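One-letter residues, chain by chain:
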Amino acid sequence: MSKIKLRSLLAISSSALLLAACSGEDASDSSSEDTSTEDTGGETSESTDFSVAMVTDEGGVDDRSFNQSAWEGIEQWGKDNNLDEGTGYAYYQSDDSSDFVPNFNQALADGYDIIYGIGYLLLDSVNQVADQNPDQHFGIVDDISDRDNVVSLTFKDHQAAFLAGVAAAETTETGKVGFIGGIKGQVIDRFQTGFEAGVAHADDSVEVDVQYAESFNDAGIGQQIAAGMFSNGADIIYHAAGAVGNGVFTEARNRMESNGDDQLWVIGVDRDQEEEGNYDGGNLTLTSTLKEVGNAVVESTTQAIDEGFPGGETIAYGLEKGGVELVRGNISDDVWSSVEEARESVINGDIEVPEFTYSE
Amino acid sequence: MLTTKQSRLSALLIPILSVLLGFIFGALLMLLFGYNPIDAYQAMLMGVFNSPYFIGEAIRQATVLTFTGLGFAIAFKAGFFNIGIAGQLLVGWVAAIWVALSFPDLPRIILLTISIGAAIVAGAVWAGIAGTLRAYFGTSEVIVTIMLNYTALHLTNYIIRSVLTTGNTTDMVSENASLSVGWLTTLTQGSRINMGLFIAIIVVFLYWLFMTQTTAGFEVRAVGLNPDASTYAGMSAKRNIILSMLISGGLAGLGGAIHGLGTFGNLFTQSGLPSLGFNGIAVALLGLGNPVGIFFSSILFGVLDVGAGFMPNRAGVPDEMADIVIAAIIFFVGANYVIRLVLDKMKSNKTAEKGGE
């Protein structure tokens, strides 16, 4: 019985290949030829034989948030240096947390010089493969690794969230704003703390309604929480919840389209989410906090090429380095000037934005 | 005799045809979008089979799928759709890690036994809730297990943050709770394959023994085939409902222990339910409830899962395409009614030609 099955399973795979071969003749020559031009890439001065790969977290490379931002940065860097995707730069997508380590090993086998793990979820996996491969260089975004062959890239998200808080507190008509977090934890706590501090700094009578979705990808929950917040009188919601935020935008759009009298706003996160806010009567994205993961990854790669790999170091990107930012978006002139003021104070140290309320 | 031989043959044909159709459908779709299916499948299979590391990873994935597949299969045999495998796996994972972290210094054999035991109990209790409600109040086990999935998810995240640690990740369990086997790890160049494989093989055998050689197993099958007739024959439907759900959840919990202790060695906040739980359903359906069949379908799914990761970078086919191939196989497994219909028609034509025997 088992022998038969084993044999037939083998037969399945081979016959599937065969069948595919029969039907796939014409397409084969176009995509199977190896377009590696790495050796001829030395024409331009910028060119390098350095190669970079990234491993995404479960959000995937098209999460409209920081995986995508990291990839856009690497892609741009690869093109600027005349590299080919697949040999000079590549991404490895994780669909499940058990994919993290195999993805790193796949990238290792493909021979990339630096392999970045995008997101704090990958810290354990990065540490594990870093220990097993002490001569290979790795990077981790959003968390700190103590290994010598890993560079840690962190972001002062609380600074950008602080500015978002200032903008929200000065824009709100109802005196109530909302914050929707993804999964509760240190990283998102930074957003919450910064946002609350910003609101309190601008106008401490404004109430902040804080809720967590316990997810980074369930837009339905985002819509539900947003509906609750808007019904309770909040008119601005800042989300730091990845794809959950798409539900927040949906709810706001629905409400604006059915009853546009009371202006509602959403504040986007990580990338400029202006286009998510388009609705029949205009745009409801007040502003977005930016997190330049792509720039950070490229910068540390450039540093590795020019000065050697910054292994074991933690590089923190804040407002002063342009690592985090608040876009102008639909912020009014008055409010924008107070945001500018707050930005100056944060950069020159007059305002110390608290980072954690989180109890460790 | 003839009929059993034929039904056994078609029982083997249906899953094979489903997989084949799944691959062909995937290939056609790839052609339609201008990708090369040969390259894609080659990348997938070569990626796994050319490297001992990825063979090990595929088997590791298959190991957990075997448990979730068997767990789903036994409830299915008894006539229930246990969609809560994912949640039961998760509570098993939590229980195993919790026990392992609480007694890090116990001897390995004892620590592993109680960790895995706790996981089985946790999974069984989780599924038992749905089983009991079903047995005594007739509530739909589908709805209850779906709801318990989310309860498990949020409870897990709460326990991680408030009981086991304050962050998002627990400490690693001690060496004494590790499932890794030195020579297996070396053989597969450091993959996370572990002794779960041997436990899986033993459990496959025990499952077969229980279902075919014991009275309890017979009763479970009988209740699944016809609850009224079995009640009339003096079997307790209530008892069998609860029993099959307990075993189902226990197997899922065992899978959680193997996944937690073997794959990760710790526990971290989850953003969603583990996909292994849902893939276990597909594995069980593809294996048509036969334990050996389930074992081999989980190996197939393990290879597909791990091999899919090679498609984007080695063949330029986006990983979404790999997901579609997997989904197509699951679809044809689900639609095996159609395959069965065609096979039956062919068979009845043949019998008609022979003019009856």
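Conventions used here
Residues numbered from 1 in each chain as written. Chains lettered and ligands numbered in written order. Predicted model: local features only at pLDDT ≥ 70, side-chain atom pairs only at ≥ 80, totals over all residues. UniProt positions renumbered as here; feature names shortened; annotations may be inferred. Helix = DSSP H or I, 4+ residues; strand = E, 2+ residues; numbered from the N terminus. Buried ≥ 20, exposed ≤ 12 C-beta atoms within 10 Å, placed from the backbone. Domains from an automatic or database assignment. Contact = placed C-beta atoms within 7 Å. Nonpolar A, V, L, I, M, F, W, Y, C, P; charged D, E, K, R; others polar. Pairing = 2+ DSSP bridges. Axes fitted to C-alpha atoms, helices over the stretch in contact; angles between N-to-C directions. Parallel < 35°, antiparallel > 145°, perpendicular 65-115°, else oblique. Left-handed = near helix turned anticlockwise from the far one by under 90°. Core = buried A, V, L, I, M, F, W, Y, C linked by C-beta atoms within 7 Å. Expected span 1.5 Å × (residues − 1). Arc of directions from axis to C-beta.

Chain B goes by Nucleoside ABC transporter membrane protein in an unreviewed UniProt entry, where it is assigned to Alkalibacterium gilvum. As its UniProt record puts it under Subcellular location (unreviewed entry), chain B is described as follows: "Cell membrane".

Taking an unreviewed UniProt entry as the reference, chain A is identified by name as Basic membrane protein A belonging to Alkalibacterium gilvum. The UniProt entry for chain A carries the following text under Subcellular location (unreviewed entry): "Cell membrane". Per UniProt, the comment on chain A under Sequence similarities (unreviewed entry) is "Belongs to the BMP lipoprotein family."

In this section: the overall build of chain B. Along the backbone of chain B there are 16 helices and zero strands. On the principal axes, the C-alpha backbone points of chain B span a range of 70 × 60 × 35 Å. In chain B, buried positions account for 55% of the 357 residues.

Reports of interface size often rely on the accessible area that becomes lost once the parts have come together. Residues and elements named next belong to chain A. If you check the domain split of chain A, you get domain 1 (46-155 + 292-324) and domain 2 (157-290 + 330-347). Just the C-alpha atoms count here: the centres of domain 1 and domain 2 sit 29 Å apart. On the side of domain 2, 16 residues touch domain 1, which itself brings 15 residues to the contact. Sort the elements by how many residues they give to the side of domain 1 that touches domain 2 and helix α3 (residues 66-80) lands first, with three residues. Taken together, the residues of the side of domain 1 that touches domain 2 sort by class into five nonpolar, five polar and five charged.

This paragraph deals with the sheet that holds strand β7 (residues 207-212) of chain A. All names here are of chain A. Judged by pairing direction, the sheet is mixed, and its six strands sit side by side in the order β7-β6-β8-β9-β12-β14 without closing on themselves. Two strands lie at the open edges of the sheet, namely β7 and β14 (324-326), each paired on one side alone. Direction aside, neighbouring strands of the sheet carry axes that sit 15° apart on average. Of the strand pairs in this sheet, strand β6 (residues 176-181) and strand β8 (residues 236-240) are connected by five bridges, and their pairing is parallel. Pairing of glycine 178 across the sheet is with isoleucine 237, part of β8.

Residue and element names in this part refer to chain B. Looking at the secondary structure, you find serine 174 in the loop between α6 (141-164) and α7 (182-187). What makes serine 174 partly exposed here is the crowd of 16 C-beta atoms within 10 Å. With 168 residues separating them along the chain, serine 174 and valine 342 place their C-alpha atoms 55 Å apart.

Right, let's talk about the UniProt feature "domain: ABC transporter substrate-binding protein PnrA-like" (unreviewed entry) in chain A for a bit. The sites that UniProt annotates as "domain: ABC transporter substrate-binding protein PnrA-like" (unreviewed entry) are residues 51-355 of chain A. End C-alpha to end C-alpha, residues 51-355 of chain A measures 34 Å, and it is 41% helix and 21% strand.

Residues and elements named next belong to chain B. Under the local residue numbering, the UniProt record ascribes the feature "transmembrane region" (unreviewed entry) to residues 12-38, 58-76, 83-103, 109-129, 193-210, 241-264, 276-304 and 324-343. For residues 58-76, the helix share is 100%, the strand share is 0%, and the end-to-end C-alpha distance is 26 Å. Helix makes up 83% of residues 193-210 and strand 0%, whereas the separation of the span's terminal C-alpha atoms amounts to 27 Å.

Looking now at the packing of helix α4 (residues 85-102) of chain B against α6 of chain B. Helix-helix packing: each pair is described by the crossing angle between the helix axes and the interaxial distance. All names here are of chain B. Viewed as axis vectors pointing N to C, α4 and α6 meet at an angle of 20°, and their least axial separation amounts to 8 Å. In terms of orientation, α4 lies roughly parallel with respect to α6. For the pair α4 and α6, the sense of crossing is left-handed. Residues Ala86, Gly87, Leu90, Val91, Val94, Trp98 and Leu101 of α4 form the contact with α6, whose own contacting residues are Leu148, Asn149, Ala152, Leu153, Thr156, Ile159 and Leu164. Tallied by class, residues from the contact of α4 with α6 come to 11 nonpolar, three polar and no charged.

In this section: the pairing of strand β5 (residues 150-155) of chain A. Residues and elements named next belong to chain A. For β5, the tally of buried residues reaches six of six residues, placing the bulk of the element in the interior. Residues Val150, Ser152 and Thr154 line one face of β5 and the alternating positions Val151, Leu153 and Phe155 line the opposite face, and both faces are buried. The sheet contact formed by strand β4 (residues 137-141) and β5 spans four bridges and is parallel. Bridge assignment links glycine 139 to a residue of β5, and that residue is valine 151. Sheet analysis places β5 next to strand β13 (residues 314-317), joined by four bridges and oriented parallel. Paired with threonine 154 across the bridge in β13 is alanine 316.

One finds Ala40, Phe67, Val94, Ala95, Ala96, Ala119 and Met311 of chain B to be the most contacted residues of the largest nonpolar core, which totals 114 residues. Of the residues forming this core, the biggest block, 14 residues, is contributed by helix α3 (residues 52-77) of chain B. In contact with alanine 96 of chain B, not counting residues within four places along its chain, are Ser115, Ile116, Ala118, Ala119, Gly256, Ala257, Gly260 and Leu261 of chain B. By size, the runner-up hydrophobic cluster in this structure holds 101 residues, among which are Leu83, Tyr120, Val269 and Val297 of chain A.

To continue, consider the environment of leucine 83 of chain A. Residue and element names in this part refer to chain A. Note that leucine 83 resides in the loop between α3 and β2 (89-92). According to the C-beta neighbour criterion, leucine 83 is buried, with 24 such atoms within 10 Å. Considered as a pair, leucine 83 and phenylalanine 191 are 108 residues apart in the sequence and their alpha carbons are 36 Å apart.

On to helix α8 (residues 196-213) of chain B. Residues and elements named next belong to chain B. Under the 1.5 Å per step criterion, the end-to-end length of α8 is 25 Å for 18 residues, consistent within 8% with the ideal 26 Å. Of the positions making up α8, those classed as buried are Gly196, Leu197, Ile199, Ala200, Val203, Val204 and Tyr207. The arc that holds the buried residues of α8, viewed along the axis, is 145°, so those residues lie on one side. Looking at α8, the residues exposed on the side facing more than 90 degrees away from the buried face are Ile202, Leu206, Leu209, Thr212 and Gln213. Elements in contact with the buried residues of α8: α3, α11 (237-264) and α13 (291-308).

Residue and element names in this part refer to chain A. Sheet architecture is open: six strands sit in the order β2-β1-β3-β4-β5-β13, paired in parallel fashion. Looking along the sheet, the strands with just one partner apiece sit at the ends: β2 and β13. Ignoring which end each strand starts from, the neighbouring axes of this sheet average 20° apart. As judged from the five bridges shared by strand β3 (residues 114-118) and β4, these two strands associate in the parallel manner. Following the sheet pairing, isoleucine 118 is matched in β4 by valine 141.

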